[in-house]
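Notes for the structure review
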Amino acid sequence: MSFTINDIALLAITLMIGLLMGLILSGRGKYKRAWRDERHAHDRTRKDGDVQIAAAKARIEQLEQQRGPIGAGTATTAATATHGHDDLTRIRTVSAQDEMALNEAGYHRYAQIAALSQEEQATLEARLGRKPGLIARDEWREQAQLLQAGKFDEHSQRYDRLKTDI
């Protein structure tokens, strides 16, 4: 029996079609299962995220209930914070956010900063989220003493120069 080129070509085409059909049919269930498993994992992750969001909202609501209403004293405190206190942002490396945190901690005047103890410095650094030793390294107490004494020019000469060096 002899095969012609047409017979060999038809046989090769038939084998390729059979191989292709076998691959399609054999992997069909495997890929479908993998897709389904991935979909379930995604749904679980989304549900876990929803649970975390609901827990966070419940905690926020709980904290808002504990906070209490804003009273008449709050307006007075806010007014004195803007009018009756020193500008602590004049101290080099004290930002406006740091000043608010210092005010919340009860520090409103240069004299209070100048009189800080080592313990109070460590507490403030932790409260401000700064590295230990920042207050001493940036000489907050010395700066506050100059500003309290009204030596603004000396403070500017000594510490504004350092701002440009940083």
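Structure: see above.
Treat the numbers as computed from the prediction; the structure is a model and nothing was measured. (Residues numbered from 1 in each chain as written. Predicted model: local features only at pLDDT ≥ 70, side-chain atom pairs only at ≥ 80, totals over all residues. Heavy atoms only, no water.)

The next thing to look at is the overall build of the chain. The helix and strand inventory of the chain stands at eight helices and zero strands. Reading the chain from its N terminus to its C terminus gives the helix and strand order α-α-α-α-α-α-α-α. In the chain, which comprises 166 residues, the share counted as buried stands at 19%. Partitioning the contacts of the chain with sequence separation of at least 6, the portion at a separation of at least 24 is 43%. Per element, the accessible surface of the chain, about 12,800 Å² overall, is 58% carbon and sulfur. (Helix = DSSP H or I, 4+ residues; strand = E, 2+ residues; numbered from the N terminus. Buried < 20%, exposed > 50% of the residue type's maximum accessible area, 1.4 Å probe, protein only. Contact = heavy atoms within 4.5 Å. Areas by Shrake-Rupley, 256 points an atom, 1.4 Å probe, with all protein chains shown as cover.)

Further remarks concern the environment of Asp98. Inspection of the secondary structure puts Asp98 in helix H3 (residues 96–104). For Asp98, a relative accessible area of 7% puts it in the buried group. Remark: the alpha-carbon pair of Asp98 and Leu128, spanning 30 residues in sequence, is separated by 6.5 Å. Among all residues touching Asp98, those that are not within four sequence positions of it are Thr93, Leu128 and Arg130.

Despite not being glycine, Thr93 shows a phi value in the positive range, around 75°. By the element assignment, Thr93 lies in the loop between helix H2 (72–83) and H3. Thr93 sits in the partly exposed class, given a relative accessible area of 29%. Phi angles above zero are rare outside glycine, and Glu139 is one such case at about 55°.

Counted according to the given criterion, the structure contains five salt bridges. Salt-bridge contacts for Asp98 lead to Arg130; the nearest nitrogen and oxygen are separated by 2.4 Å. Of this pair, Asp98 sits in helix H3 while Arg130 sits in the loop between helix H5 (118–128) and helix H6 (134–137), placing them 32 residues apart in sequence. (Salt bridge = Lys/Arg side-chain N within 4 Å of Asp/Glu carboxyl O.)

Distances and angles like these do not, on their own, reveal function.
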